[in-house]
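Fold and geometry: a report
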Amino acid sequence: MSLVVVGSMAFDAIETPFGKSDKIIGGAGTYIAFCSTYFTPVKQISVVGGDFPEDELDELSKRNVCLEGVQIKKDEKTFFWSGRYHMDMNSRDTLVTELNVLGDFKPIVPESYQDCEFLMLGNLAPAVQLSVIEQLKNKPKLIALDTMNFWMEVAMDDLKKVLEKIDVLIINDSEARQLSGDYSIVRAAKKIMTMGPKYLVIKKGEHGALLFHENNVFVAPALPLEDVFDPTGAGDTFAGGFIGHLAKTKDISFENMKTAIIVGSAMASFCVEKFGTERLRNLSKDAIAERINEFVQLVHFDVSLV
Ligand code: AMP
């Protein structure tokens, strides 16, 4: 039984008000994999070009990421994305998107991945996400999906089809408003949960995240950080922590999903402390436990009503 992760593996070039990176390793699938393997082994599905460094693939393998489902197109180039953050670090402009190998990506699910119990579909074309679900012979215990406004604009019909087949949708507040056509987050959540997913996670950046299921709502804070160095991949890291915790514990109750949201938030708070995937490569179990505990302290209070 395993966690299968589908997502882009990329070169990124990032500009923030505090610095600028050259081409560094990025991609939604890369961030999810780096994060999830702190909790459980990962079976990765992605595509890279011949220019993707072999030592980076080795690094992922060493961390318990199975790469049998990662296609290497020797004569083509890896997906490239470049972005520039504004002063508030919450908004960014995409400067360059070169799809390269991602342009005609047809994922192939290896036979050894058919034991998939947890499936994390990172932000990719909805048709690609759907193709992975359709190749699985047995329905996984839980399917989570991340998407973005771009796909709502260019592939809404495909997105609606894949939403019908998933259990948890993870999006940010503006995407929830766009998908539902409703400005109220609570009404938006209710509408989205009629489109397929029974659970909905709405991320609100530095203001935390909400988990919706039927009439239940759980609110998790984000850790107030003095310095945010680079928010790239924070959403993917959140998803990696969320699904990693669920896959490790094999418990998909609402109560355990609350813990998973806190784990995801804690992992995302590490991600933003350095450029790219750097911070996610050097975490100890103690540092993760300590950070999760900081979240517990953050929201803990006693009330005595007289
Ligand atoms: P996030 O900051 O969580 O939105 O994720 C940023 C990561 O997503 C970067 O590492 C990019 O390489 C990757 N990315 C950006 N645009 C796309 C896209 N259209 N398809 C797949 N991955 C993308």
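What follows deals with helix 2 (residues 54–62). Every buried residue of helix 2 is accounted for by Glu 56, Leu 57 and Leu 60. Buried residues of helix 2, viewed axially, fall in a sector of 100°; they line one side. Looking at helix 2, the residues exposed on the side facing more than 90 degrees away from the buried face are Glu 54, Asp 55 and Lys 62. Residues of helix 2 that are buried in the fold lie against strand 4 (24–26), helix 1 (28–36) and strand 6 (65–73). Following helix 2 by one or two positions, Asn 64 has its phi on the positive side, about 80°.

Once that is clear, we can look at the pattern of salt bridges. With the rule as written, the count across this model stands at 16 salt bridges. Residues Asp 115 and Lys 43 are paired through a salt bridge, measuring 3.2 Å at the closest nitrogen-oxygen approach. Remark: Lys 43 occurs in strand 5 (residues 42–49) and Asp 115 occurs in the loop between strand 8 (92–98) and strand 9 (116–121); sequence separation between them is 72 residues. Bridged by salt links that share partners, the residues Glu 273, Arg 279, Arg 291 and Glu 294 form one connected network.

Our next topic: the site of the ligand. In the vicinity of the ligand there are 16 residues, among which Ser 8, Asp 12, Gly 27, Gly 233 and Asp 236 approach most closely. Here Gly 27 contributes a backbone N or O atom positioned 2.7 Å from an oxygen atom of the ligand. In the model, an oxygen atom of the ligand is placed 3.5 Å from a nitrogen or oxygen of the Gly 235 main chain. Out of a free accessible area of 500 Å², the ligand has 86% covered by protein chains.

Our next topic: the environment of Lys 106. Mapping Lys 106 onto the fold places it in the loop between strand 8 and strand 9. Counting along the chain gives 35 residues from Lys 106 to Gln 71, while the straight-line C-alpha distance between them is 9.4 Å.

Tallied over the full model, the rule gives three aromatic pairs. Ring plane angle 35° and centroid distance 6.0 Å describe the contact between Phe 11 and Phe 52, whose orientation is recorded as tilted. Residue Phe 11 is found in strand 2 (residues 10–16), and its partner Phe 52 is found in the loop between strand 5 and helix 2; the two are separated by 41 residues along the sequence. By the burial criterion, Phe 11 is buried, and Phe 52 matches it. Here the aromatic rings of Phe 150 and Trp 151 are separated by 4.8 Å at their centres, their planes lie at 70°, and the arrangement is edge-to-face.

With six of its seven residues buried, strand 2 lies for the most part within the structure. Pairing between strand 2 and strand 4: three bridges, direction antiparallel. Among the inter-strand pairings, Phe 11 is bridged to a residue of strand 4, identified as Ile 25. Where strand 2 and strand 7 (residues 79–85) come together, six bridges link them in parallel fashion. The partner of Phe 11 across the bridge, within strand 7, is Phe 80. Two strands pair when backbone bridges link them, and strand 2 and strand 3 (residues 19–20) are joined in this way by two bridges, in the antiparallel orientation. Along strand 3, the bridge assignment pairs Thr 16 with Gly 19. As consecutive antiparallel partners, strand 2 and strand 3 are separated by two residues.

This part takes up the state of the cysteines. What makes a disulfide is a covalent bond joining the sulfur atoms belonging to two cysteines. Under the counting rule described, the total for this entry stands at zero disulfides. Not engaged in a disulfide, the cysteine Cys 35 finds its nearest cysteine sulfur in Cys 271; these two sulfurs lie 8.4 Å apart.

With that settled, the discussion passes to helix 3 (residues 126–135). Burial within helix 3 is extensive, with seven of its ten residues counted as buried. Taken together, the buried positions of helix 3 are occupied by Pro 126, Val 128, Gln 129, Leu 130, Ser 131, Val 132 and Ile 133. The elements touched by buried residues of helix 3 are strand 1 (2–6), strand 5, strand 9, strand 10 (142–146), helix 4 (149–154) and helix 5 (156–163).

Here we come to the side chain of Thr 237. Of note, Thr 237 is situated in helix 8 (residues 234–249). Under the relative-accessibility criterion, Thr 237 is labelled buried at 0%. Setting aside anything within four residues of it in sequence, one finds Thr 237 in contact with Tyr 31, Cys 35, Gly 264, Met 267, Ala 268, Cys 271 and Leu 280.

Another aspect to go through is the packing of helix 6 (residues 173–180) against helix 7 (residues 185–192). Put simply, helix 6 and helix 7 touch, their axes get as near as 9 Å, and they point 60° apart. Judged on the interaxial angle alone, helix 7 and helix 6 are oblique. For the crossing formed where helix 6 meets helix 7, the hand is left-handed. Of the residues in helix 7, those in contact with Asp 173, Ala 176, Arg 177, Leu 179 and Ser 180 of helix 6 are Ile 185, Ala 188, Lys 191 and Ile 192.

Quick notes on the rules
Residues numbered from 1 in each chain as written. Predicted model: local features only at pLDDT ≥ 70, side-chain atom pairs only at ≥ 80, totals over all residues. Heavy atoms only, no water. Buried < 20%, exposed > 50% of the residue type's maximum accessible area, 1.4 Å probe, protein only. Helix = DSSP H or I, 4+ residues; strand = E, 2+ residues; numbered from the N terminus. Arc of directions from axis to C-beta. Contact = heavy atoms within 4.5 Å. Salt bridge = Lys/Arg side-chain N within 4 Å of Asp/Glu carboxyl O. Near = heavy atom within 4 Å. Polar contact = N/O pair within 3.5 Å; in protein donor to acceptor, adjacent residues only side chain to side chain. Areas by Shrake-Rupley, 256 points an atom, 1.4 Å probe, with all protein chains shown as cover. Phe/Tyr/Trp six-rings, centres within 6.5 Å; stacked < 30°, edge-to-face > 60°. Pairing = 2+ DSSP bridges. Disulfide = S-S within 2.5 Å. Axes fitted to C-alpha atoms, helices over the stretch in contact; angles between N-to-C directions. Parallel < 35°, antiparallel > 145°, perpendicular 65-115°, else oblique. Left-handed = near helix turned anticlockwise from the far one by under 90°.

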